[in-house]
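# A structural walkthrough
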Amino acid sequence: MTKAQEIAADLRDQIVRGTLTPGDPLPSESKMMAEYGYSRETVRAGVRVLVDEGLVVTGQGQGKYVREDYPPVVWNWSTLESRSRHANAVEGKTAGDQWASAVAQEGKAPRQDITVSIVEPPRHVREALALPDGGLAVARKRIRYVDNRPYALADSYFPQELVAGTLLMEPRDVSAPGGVLASVGIIQAKYRDEIAVRMPTKQEAELLALPAATPVAEHTRTGYDADGKPLRCMVTILPGDRHKILYEVDTD
């Protein structure tokens, strides 16, 4: 090992063994220089290895800290947006926004920052909604927080003519019995899910305050009516260090 790798290996071992716990600051550069007997540049290079691995994050100023653990949120995408869940909603438990209800059921506090705009959607969304080139969609973009920590991005796109004049045009949490689309006679009969795992874009990393080396899952759900017409495309960005995705699949 190089000298920098030696420092990284020792600090990594301390983190794995729990000598350094999530949120703990690393020893100062001066202290590590004295302990390892190496130069400041070598110490910095060793710490940089752990930053690149995602085990260590940079705090305010020049401090370095052991990366904090995020309590994982479990998403059962098989039932989260089911009609039966909407139909059997219980006020204070599963009523209202289904994501917020699922978070609250786990004893956590949900919050969303919501913006609404009319946009030319990204290409894969335009294709999912079968929009023509230059076609417009209503975009409901949400930053979702759990206990005031950013946990996910969720952008829902609708054909403009489909939701004009509905609650979905309002930049706030909205809900209706059976779901907002169903309340105006638009029924989603089936979903198509796609999941891609990748590194975040710069904007996603900033919005979610992601430490280095944090992959995300991009979950795209397209909803269709009984005739196969696309009604909605929701793209959710889920950081890999704070989510578990659950599916229950009938073997029939």
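Residues numbered from 1 in each chain as written. Predicted model: local features only at pLDDT ≥ 70, side-chain atom pairs only at ≥ 80, totals over all residues. Heavy atoms only, no water.

In space, the six strands of this open sheet follow the order 4-5-6-9-8-7, with antiparallel pairing throughout. Of all strands in the sheet, those with a lone pairing partner are strand 4 (110–119) and strand 7 (190–198), marking the two edges. Each strand of the sheet is rotated relative to its neighbour by a mean of 15°, with strand direction disregarded. Here strand 4 pairs with strand 5 (residues 137–146) via 10 bridges, running antiparallel. Within strand 5, the residue paired with Ile118 across the bridge is Val138. (Pairing = 2+ DSSP bridges. Helix = DSSP H or I, 4+ residues; strand = E, 2+ residues; numbered from the N terminus. Axes fitted to C-alpha atoms, helices over the stretch in contact; angles between N-to-C directions.)

Once that is clear, we can look at the confidence of the model for the protein chain. Of all residues in the protein chain, 93% have pLDDT values of 70 or greater, and the mean over the chain is 90. Every residue in residues 89–95 scores below 50 in pLDDT, and together they form 10 contacts with partners more than four places removed in sequence or on other chains. (pLDDT = per-residue confidence, 0-100. Contact = heavy atoms within 4.5 Å.)

Next up on the list: the environment of Cys233. By secondary structure assignment, the location of Cys233 is in strand 9 (residues 230–239). Note: C-alpha distance between Cys233 and Val56 (177 residues apart in sequence) is 36 Å. Excluding anything up to four places from it in sequence, Cys233 contacts Val125, Ala128, Leu129, Asp155, Ser156, Tyr157, Thr220, Arg221 and Thr222.

This part takes up a nonpolar patch on the surface. On the surface, Ile195, Val197, Ile245, Tyr247 and Val249 cluster together to form a nonpolar patch covering roughly 470 Å² of accessible area. With respect to the helices and strands, the residue Tyr247 is situated in the segment after strand 10 (243–246). (Patch = residues over 30% accessible without salt bridge, like charges linked within 9 Å, V, L, I, M, F, W, Y side chains within 5 Å. Areas by Shrake-Rupley, 256 points an atom, 1.4 Å probe, with all protein chains shown as cover. Salt bridge = Lys/Arg side-chain N within 4 Å of Asp/Glu carboxyl O.)

Let's shift gears to the packing of helix 2 (residues 29–36) against helix 3 (residues 40–53). Between two packed helices, both the angle of their axes relative to each other and the distance between the axes serve to describe the pair. Here helix 2 crosses helix 3 at 105°, and the two axes come no closer than 9 Å. What the angle tells us is that helix 2 and helix 3 run roughly perpendicular. The segment helix 2 lies against helix 3, with Glu29, Ser30, Met32 and Met33 engaging Arg40, Val43, Arg44 and Val47. Among the residues forming the contact of helix 2 with helix 3, the class breakdown is four nonpolar, one polar and three charged. (Parallel < 35°, antiparallel > 145°, perpendicular 65-115°, else oblique. Nonpolar A, V, L, I, M, F, W, Y, C, P; charged D, E, K, R; others polar.)

Moving on, we get to the layout of surface pockets. A volume near 360 Å³ is recorded for the second largest pocket. Contributing to the lining of the second largest pocket are 18 residues, with Lys141, Leu153, Asp155, Gln203 and Leu207 lying nearest its centre. For the lining of the second largest pocket, the secondary structure elements donating two or more residues are strand 4, helix 6 (123–128), strand 5, strand 6 (149–159), helix 9 (202–207) and strand 9. (1 Å grid on protein atoms, 1.4 Å probe; cavity = no way out; pocket = protein on both sides within 12 Å on 5 of 7 lines; lining within 4 Å. Points joined across faces, edges and corners; volume = space filled by probe spheres on them.)

The tally for this structure, following the rule as stated, stands at two aromatic pairs. Geometry around Tyr145 places Arg111 over its ring, the cationic atom sitting 4.0 Å from the centre. Stacked on the ring of Tyr70, the Lys or Arg Arg242 has its end atom at 3.7 Å from the ring centre. (Phe/Tyr/Trp six-rings, centres within 6.5 Å; stacked < 30°, edge-to-face > 60°. Lys NZ or Arg CZ within 6 Å of the ring centre and 35° of its normal.)

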